[in-house]
Every structure is written in C-alpha cells, then in structure tokens.
Amino acid sequence: MSMVIQGETGDWEMVIGLEVHAQVTSQAKLFSGAATDFGRPPNSQVSLVDAAMPGMLPVINEQCIYQAVRTGLGLRAVINLTSVFARKNYFYADLPQGYQISQYEQPIVGEGEVVLDMPDGSTRRVGIERLHLEQDAGKSLHDQHPTKSFIDLNRSGVALMEIVSKPDMRCPEEAAVYVAKLRSILRYLGSCDGNMAEGSLRCDANVSVRKPGEGLRTRAEIKNVNSLRFLQQAIEYEARRQIDLYEEGGQVVQETRLFDANKGETRSMRSKEHAHDYRYFPDPDLLPLTLTPAYVSAIKADLPELPDQKKERFVREYCLTPYDAGVLVAEQANADFFETVAKGRDAKLACNWVTGDFAAVMNRLGRSIEDPPVTAEHLGQLIDLIADNTISGRIAKEVFELMVETGQAPAVLVEERGLKQVTDSGAIEAAIDAVLTANSGKVSEYRSGKDKLFGFFVGQVMKNTGGKANPALVNDVLRKKLEG
Amino acid sequence: MSLDKVAVKNIASLARIEVRDEDLDGLAVELSNILRFVEQLAEVNTDGIAPMTSVAHLELPRRSDQVNDGGYVERVLANAPEQQDGFFLVPKVVE
Amino acid sequence: MSPTQLTGMTLRQARDGLLKKSFSAVELVESHIDAIATHSQLNAFITETPDLARAQAVKADERLARQEGGPLEGLPIAMKDLFCTEGVRTTAASRILGNFVPPYESTVSANLKQAGAVMLGKTSLDEFAMGSSNTTSAFGAVINPWKRRSDPEARLVPGGSSGGSAAAVAARMALAATGTDTGGSIRQPAAFCGIVGLKPTYGRCSRWGIIAFASSLDQAGPMARTVEDVAMMLQAMAGHDPKDSTSAPIAVPDFSAALTGDIRGLKIGVPKEYRPSGLSSEMVKLWDDGIDMLKDAGATPVEISLPHSKYALATYYIVAPAECSSNLARYDGVRYGLRVEGKTLDEMYAKTRAAGFGTEVRRRIMIGTYVLSAGYYDAYYAKAQKLRSLIARDFQQAFELVDVILTPTAPTPAFAIGDNDEDPVTMWLNDIFTVPTSLAGLPGLSLPTGLSADGLPLGLQLIGRPFDEETLLRVAGVLEKAAAFTALPPGLGG
Ligand SMILES: [Mg+2]
Ligand SMILES: [Zn+2]
C-alpha cells in the first residue's frame, strides 16, 4: 500500500528501511561469562572482559550463535557457513574497548524476508538484507550530576542481533507492522523477548522520499525510536521535513537524527563533531566463525511453528478468516489460548469469544494472557454449554461475567444460579399463555396485521422467564398460538 | 601517499590524540615517510591471493551459555580515575 | 655456595641444587635480589617485588621439603611488565598505565606461579612492546650489560621490546625471564644480550592477561641462558587456554626430552634472500660457521627461497600499527590508568592519550588509524594481509624441503642508545630477519653463537614448523654445544 503524499510540486512517496537491534536471549554475554539480567545495580554484571581491562580476550557464547541461526531460519534467510567478526572502531564513554565487536562484510545471516499482514487483509513482503551478531554498549546517564555523565557497563557486551531490512516499506504503518511482525517471530523463536520498554528491541529508521518511479534519494537515519507509535510519528515527521526541504529547493543530507518524543520531531545529531570513520577490520582476537551444514539443518528441523505457518493452519483447520487468524497468532500465548478453547469445538464461536468478550475483559482489567481472567478450559466449557443448549448465548454473556468475578467453572455457576435454559415446552407454553392473556389488546392488533409486535411478545416471555427460556422454542410456540 | 597538515590533524582527531599545531608539519613528514616505505607492497601482484585471516588454523572455540563471571563491582572499579555510587564518571556528554 | 655462584647457575643447575638441598630457595632468591640491587644502573626492572619473592621462596622451601614442589619450584625469574600480575603494578612501560594494578593474573604468569617459579619483579620494555631498543620505556632506557671493547663507556641498548628481561637474564639478576615477541621482541634482545630466547608458535602460549600490542602477532615466550632452560620455561608457560580464542588446543610435548643431541639427517634451510649486500662480513661468517656446525653434526644445509620475505617489514608496519591503533583505544582515561581532565569527553580523551602515550606509540597509532580509514583499507591493510598469506606460503613451501631454517637474528650487534633514533624506518630494520617468522606465526629461537670483533654477542635464529618447537630446540641444543658460547658481560666473572 503505497502512500502518496501531495506536495506543492506533485506527489511524493516514502522509502523506509529499518535496522532493528534485538537482544539475544541468553544467560551470559556474547563474549564473556557475565550475566545479562535487566535492572541490576551498576557495573554488577561486568566481567573484566566487558570492562576492557588490558589483556582481556573475547570467547564467543555458543547460545548466541544458535539463536542467530534460528532467527535467520525463521526469517527464511540464507545462513552463511562462514562469517567474520570485525571491529567497529569509535570512541565513546560507554564503549570500553574503543571498538564494538560486530560483523561487517561477512554476517552470519544473509538475505531473507518477512511477510506483513496488513489490517485490510492484504499481505506485503519486506526483504531482509542481513542479520549480524554484535556487542551492545554500556549505558550513560546524563542526568545524575551537573558536570558528569555516569557510566554503567552492565549492558556492555550483551549479544545483539542487528536485523537490517531492505528499503521496502512505503508508509509509517507498514514500518510499524513490520516491527510488530518481526517481534512476533523473535518471540515465537524465543531468540529475543521483544521488550521495547527495557530496550531488548530497538529500532532505527532509514527514511527518504522520492517522486514515484524515481531511484533512491538521500536518506536520514533516525536513531532509537522506542515504541511503534513513536516510530510512525518519527517517520511521518521526517518524510514531511524532507519533502518541505526539497520543495523549498534544498537538499537532504545523509545524517543521523534523533527523535524527540516530547516535541514529535527529529533533529540532527550535529553534536557529533567527528566525522564517523569506523575503520572496520577483522577482529584478530577471534577466528572466522564456521558452521557445518549439519548444524544448520538440525536447527532447522527443530524450529517451532512460526506465526505465518500457524496462521495458515488456523485458516485451514479452524476456517478462520486470514485476518482473524493473523490477529490470533501475533502472540504465541494468544494462539495457544485460542487453540485450547477451540479444540473440538466450533472454531468461529471460539474465535468470537477469544477476540471479543475475552479480549475486552483482559483490556478492561489490564490482565495478560499469561494470567487470564478466565482460563482457556473454563471458556471452552462455556462454549460447550452454549453448543448443547444448556444456556443461551445471552445467558452465556452473563455467565462469563460471573466466571470473571468468581473464577468458578461455568457449569457450577449455571447450576448454582439456576441459569439453565428452560426447554420444557409445557412451562414455556404456560408462560406464553400468561403473556397473551395479559396483553389481549396487542394480540388483536397483531392478528389484524401488526407483525412487528411479535418481537414484543418474545421479549415479554423472556422477561418473565428470566431470560432462560429457549429462544427457538419460544418463537415456535408463540407463532403457533398467535396464528392459531 | 604524502600526508599534509590537514590529513594529520584528521588522523589525530580520529585517534583521539591531541597534537599541537606546531607539531603537525613534522608529523606529516614522518608519517609520509613511513607510508612511502610501506607502499612498496604495491609492486607485488596479489591478484587471487586471499588475505590472511589468522595464522592459527583453528575452529573458533565457543563457550557454553553459563554465567560464571562478573558480580565484582569493586574489581571493575578498582582502578577507576573517578567513580561514584558504582558508576564510572566522565565529563558530561551532551547529545 | 657464594652468591655469585648462585646467580651464575643455569635454571637446570639451580633446580638440581634445590632438589639436592645444596641451598635453599630463600638463599637463591636473596642472592638474586642482591644482584638486582648491584645492577640497578641497568634499569632492567620497572617494579621490583623482593618481599613478594621472599614470601614465595619461603613457601617454595616448605613445598620442596615436603617433596611437593612444582617443576620450577623456588626458581627466581623476572616477568616482562606486559604480563598482568594480580596486585602488582603492571605498566607496559607506559605513562598511560602508570598506576594500574590488575585485579587478575595473566595465564602465562599464573602457569609459572603454579609451577613454583618465584617472581622477582616486572622488567622494563619498549612502551607497549613497540620498539627494538628498549629506549621508548616511560621508565627510562634499559642498559645492556655488555660493553664494546673499543668503547666501554658507550651505553648500549639491550634490544627490544623485551630488553629488561634480556638484560636481567644476561646480568644474572634472574635465572630466566618471560618475554613477548610481536616482530622479534624476544629474539632480537636475546641476541643483543647473549642469551637464548624462544618465540613459540602463535597459539602455543595463552595471550590472556598479556597487554595486547598486535593481537595476530603477539606471543609470549621464554628467555634464559641455555637451550635447556628455555625448554623448561616453555614447558611451564605453554598450554591451551579456553580464555584465548586463538590458543591452540594442542597437547604440550615434553620439550626437555626433545634435546636428544641428534640431528643427523635433518635438513637445514638457508634462505638465499636473507643475505642482503649490506650484511656485515662478521655476520655472514657467523651464519656460515653455524651452517658448518650443523653440517658437522650430520644435518644437511639446503638453500631455500623465501621470495616475499623482503616485503615482511612493510607488511608488518601496516598490520601491527593497524591492530595496535584498535587495541590501544581502550586507554581512554575512563576505567583505569592516566586521566588528564578536559572540558568535554573528547578533550579528555585527546589530552589523556597525548600525555599518556610516548612518541613511538603515538606514531604507530596514527599510522594504524590511517591505514584502516575509509578509502585506504584495501590499499594498505587488505594488501598487507595478502602479502602475509604469500609470506606464510613461502615458509610452507620451504618446510616441504627442510626441517628448520637458519638465519641471523639481527643484522648488527647491540647499538648505542641514541643510534638509529633519527628515522623510525632505520630502527625497524633491526627486525628484518625476525618479522617474517612472526607474520607466518612460526616458532623462532635465537641463541648466541659468537662475539663481534668489538666483543658483543651475536645471535643466530632457528625457525621451525608450526608447533614443532621440539625440532627447533633439538637443533638449537646441538648448535649451542658446537658454538660453546661462554662469554659473559664484563664484570660478571667472564
Ligand atoms: Mg547499523
Ligand atoms: Zn548495530
């Protein structure tokens, strides 16, 4: 869905590529045995290697290689059997070695793709350029002291996967859907927890604009956008800025820009007075990383079902619409919850409940799927009670609220509170007779052609039976009595 | 390659080594001499020769994913020129 | 035994003496502490650790009494100040690390400790091991104990970068010492000081805890007064270390057992390109004599060709500075070492590094920064790494024909402090015979086989196949016996 922006001089389109830094799920760091936990006291998770003490050397964590390969396979990407770690040299207070160990010319993962499920039901393919492993830097705190910055190296050396997309996105929404989909895949794989608030998933956007049909123009890189909403705002703002610049006769310069979430603007990081020249070269402390085809195929054979496959299966097995299936599979826990509810039951009904009332209650109560207000088993039992006519759909909503309140099984609640549907035709006939007798005037009106009153009679019967009368039966008997 | 003052200043800046302006000319001559010396490599035909990645013809060894290091703030900070509350301190960085 | 007799022994003799209880480790260590004081004008040590040494000696005597001593139990050695030693200041001879006290121990020094060796102190070196004269140390030049006959007043360099270790061993201040060699830093000072030095195969000794200069070249090795002593030291220093990704997972052979004295049938390579026209006639003669000695012992000299070796220095002076520019980026005044305050972070970096690094180190960092910078990488660094492949291939092909290679160690004997200072490239020519070996990662050993006309020691270098230090030591042992080099620096009882 190419979004066209009207400018003074005609139409423009956006060209967006994303670089996502995803923290690899591992106990220890990429090249040291220090822990990776979030939120610990400063410098408490720092080894001598992470602090770049003289003479310290890196040794790679096998789990990080494993996670990178799995992620590459999850992105349907080429796994490079030989990759090389290189040093990216620059000075910064939270970069203890004076270089970041990264991968440059030969990354561990090459080209792949991500399929986006757009809200209108269409799909879009976004190419993956590469995925490489690299070290995270430490953290600088600038607000602790009037003249000093504080340096905490706990993050220093934590493994990151830098996932670089091709410039395949054309609007901010696509960018957001891309990040969400990538996050979903990473979480399915368990290779990154995807927590944007804690910085486990960070996003830089490369944005340029062009006239439709043109080649690529100069791009700006927007750093550190830490929510999907900000990502869209930042891209929107940046594209507009570039278009205005061009239309005023100016030129876009290739630069790094920072998104200011308070002002909703991007601004140039001109404070970086030194031109960047990273002087990459292969890290002489490490040898090339070689993988065997057997290693890669064993990982491939062991991959979990990923969102795209699950979505396809949900459409096939549960006859869901692609859109419903896409919503359900975005989070593995949601998908699992749904499958527990749907197994052996009416899938459409299950889907409506999970994405409807259940999701609404979750939102209202601020609960998570890991701590649901109603268990999948109970929700399944509720659907069973509807299916075997023990309760009506209307009563089911009432029972569901009671389940949320009490945590009790639906069968127990229905029993205790006498909510069972009345299917005894004698009782229903009696209730109908009482209504017809009490409203003889309306009966005459109906019989003289005021059809619309049928609904009124049904309502009265239901009201008098506390909603428990089987609606189909009520309809049947009522019609017979009125016509008869 | 002959380096001029500007080039030397730029290299020094990349390397974060302060060089006094009056030393730039001398350094330019010195570094240019060295570059001229190493540039003799240009006369060797290296077509089709792979650059050496390591003299050690080994597999990259891997560590297991175990936490067995860190947890010693005092050792990390022991030689710090300036520290407070468990942090290293540097002149304020403005972004 | 008299103190000079105690310091005059070889490592092996001292070991035997301790086991026979002819003297105690405490006596042995005391006599070396005295020798260090006697020769303090040589400035071989940056940090002396006599109290630590005495305490270690007491412990060593206890273990020896219980017959639990390690293979180097109670033997006093010196440690190049590039090896991080826990709780003992480690400087790399640089102001930038002036007060750095590592909270950790390098693998090699830990191995030596484990073997029972007693550390007398930390020896001087060229700053960050960058040099061939030991004049770039921030703690002052080291003086070679040897003197020119023609000019005994001239103060000669011990060679570098392991000059402090070489001087300490030559002047009988330590029975042996550790060195590191990046382009000749063990072999050239060993030759200048009339001792034996061995740079093992890259990967034989762990680099963990050794302050890095050029990671793809740096290798620790022993310096001692005999081939046998060097074998004993290497035995303790070597071994696979999982903390160093470039450490070879290869078993350490029994190096002393390799000294069989029998080299019959071995082929000795003599590279024709290593006879530049400028090589002095006494050096040519030393080399030819060496070839004859090995021939007499039953080996066969074979002329070989190492055509790319002439590019080794230029290759080295791209690769080593490039790696050093990156390795030394960590000295930024943030986490340890010198800090010179500045208004901004960048100003602090620039002032700290300008004040902390000496001229040669700054020069190499700048060259290294340049050759890696955008637009120049292919012309310099990538080109040099290709040359390195060619140089290594030359050796590989030569070793299909021969078992070891014999060359001079350095083109000249020790020169005077201040000579060769004018032009760095002239100074670098010292390493012309040692650098090719380093680039190929091969083991190289230097041993003294004669004196110059002016009374200074001259060394020959043996080069071996990867991880074949045994053959190297075997041939060196034979050469040592045939050359019978017994001269001592003046004033040391020679
Ligand atoms: Mg990037
Ligand atoms: Zn990155």
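Check the entry above for the structure.
Residues numbered from 1 in each chain as written. Chains lettered and ligands numbered in written order. Predicted model: local features only at pLDDT ≥ 70, side-chain atom pairs only at ≥ 80, totals over all residues. Heavy atoms only, no water.

Novice: Report on the overall build of chain A, specifying residues and quantitative values.
Specialist: Tallying secondary structure elements over chain A gives 15 helices and 17 strands in all. The C-alpha atoms of chain A give a radius of gyration of 30 Å, which is well past the 23 Å a tight globule of 484 residues would have. Oriented by its inertia axes, the alpha-carbon framework of chain A measures out at about 95 × 55 × 50 Å. The buried share of chain A, taken over its 484 residues, is 55%. By sequence separation, contacts in chain A at least 24 residues apart represent 68% of the contacts at least 6 residues apart. Of the side-chain charges in chain A, 55 are positive and 67 negative, and the distance between the mean point of each set is 2 Å. (Helix = DSSP H or I, 4+ residues; strand = E, 2+ residues; numbered from the N terminus. Rg over C-alpha atoms; globule rule 2.2 N^0.38 Å. Buried < 20%, exposed > 50% of the residue type's maximum accessible area, 1.4 Å probe, protein only. Contact = heavy atoms within 4.5 Å. Lys, Arg positive; Asp, Glu negative; His and termini not counted. Charge placed at Lys NZ, Arg CZ, Asp CG, Glu CD.)

Novice: Now, about the interface of chain C and chain A: what can you tell me, with residues and values included?
Specialist: Reports often express the size of an interface as the amount of accessible area lost when the parts come together. If you look at the interface, chain C gives 40 residues, while chain A gives 32 residues. Summing the contributions of chain C and of chain A, the shared interface buries around 2900 Å²; its carbon and sulfur component is 58%. Where chain C touches chain A, the interface holds 1 salt bridge. In this structure, Asp285 of chain A and Arg207 of chain C form a salt bridge, with 3.1 Å as the shortest nitrogen-oxygen distance. Every element with two or more residues in the side of chain C that touches chain A is listed here: α10 (312-327), α11 (345-356) and α12 (359-372) of chain C. In the side of chain C that touches chain A, the residues fall into 21 nonpolar, 9 polar and 10 charged. (Buried area = accessible area lost by both parts, 1.4 Å probe. Salt bridge = Lys/Arg side-chain N within 4 Å of Asp/Glu carboxyl O. Nonpolar A, V, L, I, M, F, W, Y, C, P; charged D, E, K, R; others polar.)

Novice: Hey, could you go over the packing of helix α1 (residues 62-74) of chain A against helix α2 (residues 172-189) of chain A for me, with residue numbers and the actual values?
Specialist: Residues and elements named next belong to chain A. At their nearest, the axes of α1 and α2 sit 10 Å apart, and the two run at 130° to each other. One element, α1, and the other, α2, form an angle in the oblique class. At the point where α1 passes α2, the crossing takes the right-handed sense. Residues Arg70, Thr71 and Gly74 of α1 pack against Ile185, Leu186 and Leu189 of α2. (Axes fitted to C-alpha atoms, helices over the stretch in contact; angles between N-to-C directions. Parallel < 35°, antiparallel > 145°, perpendicular 65-115°, else oblique. Left-handed = near helix turned anticlockwise from the far one by under 90°.)

Novice: I'd love a proper account of the sheet that holds strand β3 (residues 118-123) of chain C, names of residues and values included.
Specialist: All names here are of chain C. Strand order across the open sheet formed by 11 strands is β1-β3-β2-β4-β6-β5-β10-β11-β9-β7-β8, with mixed pairing between neighbours. Sheet topology places β1 (45-48) and β8 (300-304) at the edges, where each strand pairs with a single neighbour. Across the sheet, the mean angle separating the axes of adjacent strands is 30° when strand polarity is ignored. Here helix α4 (residues 50-65) sits on the sheet in contact with β1 and β3, set at roughly 160° to β3. (Pairing = 2+ DSSP bridges.)

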